[in-house]
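Fold and geometry: a report
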There are 2 protein chains.
Amino acid sequence: MDSEINTLQQLKHQISIMGGYVEKALEEATYALIARKVEHLDNIDKIEEKINEIHVVIDAACFKLLAKLSPFASDLRLILACFKMNNDLERMGDHARNISLGTRMYLSRKEIPLEKDFLQMTNEARWMVKAALDAFVTKDAEKAQKVLEHDDVVDQLKDRLTQQMKDLIKKDPDFVESGIDLILFSRNLERIGDLATNIAEDVIFIASGDDVRHGGIAVDG
Amino acid sequence: MDSEINTLQQLKHQISIMGGYVEKALEEATYALIARKVEHLDNIDKIEEKINEIHVVIDAACFKLLAKLSPFASDLRLILACFKMNNDLERMGDHARNISLGTRMYLSRKEIPLEKDFLQMTNEARWMVKAALDAFVTKDAEKAQKVLEHDDVVDQLKDRLTQQMKDLIKKDPDFVESGIDLILFSRNLERIGDLATNIAEDVIFIASGDDVRHGGIAVDG
């Protein structure tokens, strides 16, 4: 499969495919959780296998393209950004899998009616992943910027949900298992949002060469 | 500062310096938590600033070295591994900071006598970080392999601690805040352990060119 990746265009295409798998895994995991449909978790292991496979393939392709093309300037930026995005996407897949594994337990526990904060958080995280990938495909630095702005929203929702669950458990300790599950799900969604901002930063880096992380610390490189 | 990184030796040296900062941040955060000494948290923001600064510098240096040297084979492997390790170390720093921020709250809450599982987990995570960095400096693939073997230990300790905390909260819901804090700390320690295994995998990749992730899926690259 790696032998098919001989151009930067093909590399970008593989990143998009991988991004599609991650979106699908996240969609299935969150749908199973919210709609309480455990059968939607069955596909996730298979999607995860594909993500792991393409992860290794893309890394090897980046190595090969760097050795073969000796790229500089924008081509080098693109390959390095793909190399990073590949890792970030794989981690998103891991978080989707964490949600999936947790959901199997969660659905057997005392049910907590899901508040709109949790639903909004799920939607925000999914939107961030989709928008970051769209920004990559269409080279849209403005859209990438919007993804960065959403990071705080997810963080605030996570904090609110955590407090709600603590209050609920205090009132009725029988909710300890499902309440802590929801806190951990919200942590996974927050991390997925963080990783989407990494991708958005990479899109800005590809487009402009600017490193916007950590408030854009200047380097003389 | 980046202009000082002109050779692979200098690049490796900077990674070691960054690793030292991460070890220090983790040491201070876990000591403050276990010994209940909040003043040990005061240095962490400064260490974190240094980690963020060196993170951007190392990324820029990798870019520059790739453009300047057009490396292949083992030199290319080393630069790409440093590029990855740089990101993994920065994330470890984030997790140490999460523990630090959480500890400030935790120390004001109802005290839970720390069980030996939690102390062991802290030691395991710190050992994994140190051993992975040592393996990198001394190019010791055998030591890196040992780091990989410790990942399961940390995972099991985390699962045990999580169950202990749930049981404790069920018995006495006044422990909900501090109990959930400890569960989240154990999550951060587990992630630090995961990131140490990433570095160990990179050390093996530098030494052998083998990609041992995901069970070593074969690629024809």
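All of the points below concern the structure found in this document. As the structure is a prediction and not an experimental result, all values here were calculated from the model. (Residues numbered from 1 in each chain as written. Chains lettered and ligands numbered in written order. Predicted model: local features only at pLDDT ≥ 70, side-chain atom pairs only at ≥ 80, totals over all residues. Heavy atoms only, no water.)

**Some details on the overall build of chain A**
Secondary structure summary: chain A contains six helices and zero strands in total. Taken over the C-alpha trace, chain A has a radius of gyration of 19 Å; the compact-globule value for 221 residues is 17 Å, and the two agree within 12%. Counting only C-alpha atoms, chain A reaches 60 × 40 × 25 Å along its principal axes. Every one of the 221 residues in chain A was classed for burial, and the buried ones make up 53%. Considering only intrachain contacts with a sequence separation of at least 6, the fraction spanning at least 24 residues in chain A is 81%. Accessible area of chain A: about 9,300 Å², with a carbon and sulfur share of 49%. (Helix = DSSP H or I, 4+ residues; strand = E, 2+ residues; numbered from the N terminus. Rg over C-alpha atoms; globule rule 2.2 N^0.38 Å. Buried < 20%, exposed > 50% of the residue type's maximum accessible area, 1.4 Å probe, protein only. Contact = heavy atoms within 4.5 Å. Areas by Shrake-Rupley, 256 points an atom, 1.4 Å probe, with all protein chains shown as cover.)

**Points about the relation of the copies chain B and chain A**
For these two chains of identical sequence, chain B goes onto chain A by a turn of 180° and a shift of 0.0 Å along the axis, with RMSD 0.0 Å. Viewed as a symmetry operation, the transformation between the two copies matches a two-fold axis. Scanning chain B for the C-alpha nearest the rotation axis identifies B:Ser70, at a separation of 2.6 Å. The share of interface residues of chain B whose copies in chain A are also at the interface is 100%, consistent with both copies meeting through the same surface. (Least-squares fit on C-alpha atoms with pLDDT ≥ 70 in both.)

**As for helix α4 (residues 116–138) of chain B**
Here α4(B) contains 23 residues, and its C-alpha end-to-end distance of 32 Å stays within 8% of the 33 Å for a straight helix at 1.5 Å per residue. A positive backbone phi angle near 50° is found at B:Lys139, which sits one or two residues after α4(B). (Expected span 1.5 Å × (residues − 1).)

**Things to note about the packing of aromatic side chains**
Going through the model one piece at a time under the given rule, you end up with five aromatic pairs over all chains. Look at A:Phe63 and B:Phe205: their rings are 6.2 Å apart centre to centre, the planes differ by 80°, and that puts the pair in the edge-to-face class. With A:Phe63 in helix α2 (residues 44–69) and B:Phe205 in helix α6 (residues 176–208), this residue pair bridges two chains. With a relative accessible area of 21%, A:Phe63 lands in the partly exposed category. Judged by relative accessible area, which is 18%, B:Phe205 ranks as buried. When the centroid spacing of 5.6 Å and the interplanar angle of 80° are considered together, the rings of A:Tyr106 and A:Phe185 count as edge-to-face. (Phe/Tyr/Trp six-rings, centres within 6.5 Å; stacked < 30°, edge-to-face > 60°.)

**Section: the nonpolar core**
Counting residues in hydrophobic clusters, the biggest one holds 139 residues, and the most contacted among them are A:Leu11, A:Met92, B:Leu11 and B:Met92. Ignoring any residue separated from it by four or fewer positions in sequence, one finds B:Leu11 in contact with B:Ile5, B:Ile58, B:Ala61, B:Cys62, B:Leu65, B:Ile79 and B:Cys82. (Core = buried A, V, L, I, M, F, W, Y, C linked by side-chain atoms within 4.5 Å.)

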